[in-house]
Amino acid sequence: MKVVITSSGSTLQDKVDARFGRCPFFVFYDTDNKQTEILPNPNMDADEGAGPAAVRFVASRNVKKSISGEFGFKIKSLMDSAGIQMIVVKADKTVKEIIDLLNN
Amino acid sequence: MKIAIASGKGGTGKTLVATNLFYTFQRMGLSVSLVDCDVEGPNALNFFQLHKVKVISVKEYCPKFDLQQCIYCGRCADYCDYNAIFIIPNQSQLHLLSHLCHGCGACAVACNNGAIEDSEIEVGIVSLFSTTMEREKAFLVEGRINEGEHSATPVIKAAINQGDSLNTDFLILDSPPGVSCPFIQTVAKTDYVVLVTEPTPFGLSDLRQAVETLKHLHKPFGVIINRVGLGNHDVYDYLEKEHIALLAEIPFDKKVAHLYSEGNLLVTSQPIMSKYFESISKKIIKNGNSSC
């Protein structure tokens with residue numbers, strides 16, 4: 001299963017980003033083959049609609065779970081229709097710590 | 001001549017000034033109309049005896065998707081600058097996020113499969129009223145955005161167009177507060193802007209933003225200070241430093257607030273105000289003409 005984690009930086013040692021739509025990086029993690037892929041958020045600085053654009057971005061990568069510090073209210077219905085579960089975590093953890101939790 | 005009454009801060013007295021100027025222009029025998037561009041909260045019509053002439057529906061482009069024709073290529077979403085099209089190709093999902101749509105029509109240009117039909121939605125209404133309070137016939141135009149709609153600018157544009165078509169010598173535009181798109185849309189084609197402020201830190205802070213914006217737009221303007229007696233002297237220092245014309249001062253007076261809240265004009269209730277607004281009107285016309 002593919003999971004996306006919002007990250008404040010481009011490494012696994014960076015902290016989870018508190019925002020979903022406007023996070024700097026997305027970390028895609030596959031719980032089956034343990035592969036990670038780190039991609040910059042192309043819509044981080046969008047004038048409007050960064051949240052919906054982010055849902056579109058992660059949904060096109062067949063993500064089933066998303067983990068972030070916060071999700072904007074506009075995207076709940078889009079996440080539901082894309083079949084992506086939203087999990088809110090405290091943004092004081094590193095991405096690596098979240099991945100370790102996923103594996104336990 | 002087109003004159004906008006604007007301000008950065010809300011509640012400084014734009015409508016107070018606009019409605020009293022409108023009446024004063026009429027009494028001076030000038031041909032004038034007033035356009036209430038504060039489409040999210042229009043209230044200028046409360047101050048006049050009016051007769052409704054007509055109502056116009058303001059429509060905006062809104063794409064309509066034919067999902068039978070759609071191949072989920074995503075070109076429409078790529079063309080959309082506002083992220084208003086939500087598409088997940090591998091799930092054959094496509095939704096229009098209407099609160100983000102600006103009605104630009106780029107998606108329809110992008111689509112090669114005839115999956116986007118042109119359609120329109122009503123975003124607001126423009127009402128035209130005539131007033132025959134004075135000898136000269138004058139009109140009041142009111143723009144009013146529909147509840148739940150997000151973009152005020154198309155309604156403001158339609159209201160100003162209606163005002164233009166009346167061909168009166170003077171058009172007074174009562175602007176929405178702030179210095180964002182609705183303000184820009186209102187002042188864009190005016191000859192002169194009157195900024196109404198109050199001598200408080202908030203009043204000054206927002207006045208500065210309005211001044212900077214107008215300088216950028218190369219618009220001539222002057223300032224009216226309302227609620228004089230309140231706050232401090234900083235607004236005056238600012239005007240002096242920036243060499244900005246101070247057109248008038250309206251005192252901080254409970255009577256003014258009472259009259260306004262009951263839908264009365266200052267110029268019809270207080271003879272001294274009637275004279276004062278006549279001198280303000282002359283100043284505005286003179287300043288507007290010299291900068292044309």
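The following paragraphs examine the structure supplied in this document. Starting from 1, residues in each chain are numbered consecutively following that chain's sequence as written. The order in which chains are written sets their letters, starting at A; the order in which ligands are written sets their numbers, starting at 1. Confidence filtering applies because this is a predicted model: local features only for residues at pLDDT of at least 70, side-chain atom pairs given and counted only at 80 or more, and all residues used for totals across whole chains, interfaces and linings. The side-chain numbers reported here are obtained from all heavy atoms of the structure, hydrogens and water having been left aside.

### Quick word on the overall build of chain B
Counting from the N terminus, the helices are the DSSP runs of H or I reaching at least four residues and the strands are the DSSP runs of E reaching at least two. When helices and strands are counted, chain B shows 10 helices and 11 strands. Summarising its shape, the C-alpha atoms of chain B cover approximately 70 × 45 × 35 Å along the three principal directions. Residues count as neighbours in contact if any of their non-hydrogen atoms are within 4.5 Å of one another. Relative to all contacts within chain B whose residues are 6 or more apart in sequence, the contacts with residues 24 or more apart total 73%. Put simply, chain B shows about 13,500 Å² of open surface, and 50% of that area lies on carbon and sulfur atoms. Every accessible area reported is derived by Shrake-Rupley at a probe size of 1.4 Å, with residue values counting cover from the shown protein chains alone.

### Observations regarding the pattern of salt bridges
Residues and elements named next belong to chain B. Here, a salt bridge means any Lys or Arg side-chain nitrogen found within 4 Å of an Asp or Glu carboxyl oxygen. Following the criterion strictly, the structure yields 11 salt bridges over all chains and no others. We note a salt bridge from Lys9 to Glu198, for which the minimum N-O separation is 3.5 Å. Here Glu198 lies in the loop between strand E9 (192-197) and helix H6 (201-216) and Lys9 lies in the loop between strand E1 (2-6) and helix H1 (14-27), a separation of 189 residues in the sequence. Summary of the burial criterion: residues with accessible area below 20% of their type's maximum are buried, those above 50% are exposed, and those between are partly exposed, where the area comes from a 1.4 Å probe applied to protein chains only. According to the relative accessible area criterion, Lys9 is buried, its value standing at 18%.

### Some thoughts on the environment of Ala110(B)
Residues and elements named next belong to chain B. Relative to the assigned elements, Ala110 resides in helix H3 (residues 106-110). Sequence separation of Ala110 and Cys76 is 34 residues, and the distance between their C-alpha atoms is 5.3 Å. Non-local contacts of Ala110, meaning those with residues more than four positions away in its chain, are made with Arg75, Cys76 and Tyr79.

### Digging into the layout of surface pockets
Residues and elements named next belong to chain B. When its volume is computed, the largest pocket comes out at roughly 510 Å³. Among the secondary structure elements, those contributing two or more residues to the lining of the largest pocket are strand E3 (51-65), strand E6 (116-131), helix H4 (153-165) and helix H5 (181-187). Ranked by residue count, the leading element in the lining of the largest pocket is E3, at three residues. In this classification, Asp, Glu, Lys and Arg are treated as charged, Ala, Val, Leu, Ile, Met, Phe, Trp, Tyr, Cys and Pro as nonpolar, and every other residue, Gly included, as polar. Looking at side-chain class alone, the lining of the largest pocket contains 10 nonpolar, nine polar and four charged residues. In the cavity and pocket records, a cavity denotes points on a 1 Å grid over the protein atoms alone where a 1.4 Å probe fits but cannot get out, a pocket denotes an open set with protein on both sides within 12 Å along at least 5 of 7 lines, and lining residues are residues with an atom within 4 Å of a point. Grid points are joined across faces, edges and corners, and a volume is the space filled by probe spheres set on the points.

### Things to note about the side chain of Thr6(A)
Residue and element names in this part refer to chain A. Note that Thr6 resides in strand E1 (residues 2-7). Thr6 gets classed as buried once you look at its relative accessible area, which sits at 1%. Nitrogen and oxygen atoms within 3.5 Å of one another constitute a polar contact, given that in protein one can donate a hydrogen and the other can accept it, and given that sequence-neighbouring residues count only through two side-chain atoms. In terms of polar contacts, Thr6 uses its side chain to reach the backbone carbonyl oxygen of Asp17, at 2.8 Å. One polar contact links Thr6 to Ser68, side chain to side chain, over a distance of 3.0 Å. Beyond its immediate sequence surroundings of up to four residues, Thr6 is in contact with Lys15, Val16, Asp17, Arg19, Phe20, Cys23, Phe25, Phe26, Ile67, Ser68 and Gly69.

### Remarks on the interface of chain B and chain A
Each partner contributes to the interface: chain B provides 17 residues, whereas chain A provides 16 residues. Each of two parts loses accessible area, computed with a 1.4 Å probe, when they are put together; buried area is these two losses added. Overall, the association of chain B and chain A removes approximately 1,300 Å² of surface from exposure, summing both partners, and the carbon and sulfur fraction of that is 52%. The interface formed by chain B and chain A includes one salt bridge. Its salt-bridge partner being Arg56(A), residue Asp78(B) comes within 3.1 Å of it at the nearest N-O pair. In this assembly, chain B and chain A are joined by seven residue pairs in polar contact (both at pLDDT 80 or more). Elements with a contribution of two residues or more to the side of chain B that touches chain A: helix H2 (75-79), strand E4 (85-88) and strand E5 (93-96) of chain B. Its residues placed into classes, the side of chain B that touches chain A shows eight nonpolar, eight polar and one charged.

### Points about the sheet that holds strand E8 (residues 170-174) of chain B
Residues and elements named next belong to chain B. Strand order in this open sheet of nine strands is E3-E6-E7-E2-E8-E1-E9-E10-E11, and the pairing throughout is mixed. Both outer strands of the open sheet, E3 and strand E11 (245-251), are each paired with one neighbouring strand and no more. Recorded for the sheet is a direction-independent mean angle of 20° between the axes of neighbouring strands. Any two strands between which DSSP finds at least two bridges are classified as paired. Of the strand pairs in this sheet, strand E10 (residues 221-228) and E11 are connected by five bridges, and their pairing is parallel. Note on E11: the bridge partner recorded for Ile224 is Ala248. Sitting on the sheet, H6 touches E9 and E10, and the angle it makes with E9 is about 170°. For every element, the axis is a line fit to its C-alpha atoms; helices are fit only across the contacting stretch, and the angle between N-to-C directions ranges from 0 to 180 degrees.

### Digging into the packing of aromatic side chains
Residues and elements named next belong to chain A. Put simply, two rings from Phe, Tyr or Trp (the six-membered ring, in Trp's case) pair if the centres are within 6.5 Å, and we call them stacked under 30 degrees between planes, edge-to-face over 60, tilted for the rest. Evaluated as defined, the whole model comprises eight aromatic pairs over all chains. Taken together, the aromatic side chains of Phe20, Phe26, Phe28, Phe57 and Phe71 make up a single cluster linked through ring pairs. Any Lys NZ or Arg CZ that is within 6 Å of a ring centre and within 35 degrees of that ring's normal is treated as a charge sitting over the ring. In this structure, Arg61 is placed above the aromatic ring of Phe57, and the distance from its NZ or CZ to the ring centre is 4.3 Å.

### A look at empty space enclosed by the protein
Residues and elements named next belong to chain B. As enumerated under the stated definition, the model contains three cavities of 30 Å³ or more in all. In terms of lining residues, the largest cavity is bounded by 16 residues, among which Cys80, Cys101, Cys104, Gly105 and Cys107 are the most central. Counting residues per element, the ones that place at least two in the lining of the largest cavity are E3 and H3. Looking at the lining of the largest cavity residue by residue, the class counts come to 13 nonpolar, three polar and no charged. Estimates place the volume of the second largest cavity at around 80 Å³. Split into classes, the residues belonging to the lining of the second largest cavity amount to 11 nonpolar, three polar and no charged.

### Looking at the side chain of Glu142(B)
Residues and elements named next belong to chain B. Counting through the fold element by element, Glu142 comes out in strand E7 (residues 138-145). Here Arg144 takes part through its side chain, which lies 3.1 Å from a polar atom of the side chain of Glu142. When near neighbours in sequence (up to four residues on either side) are disregarded, Glu142 contacts Asp36, Pro42, Leu45, Ile125, Val126, Ser127 and Phe129.

All we've got here are geometric facts, nothing functional implied.
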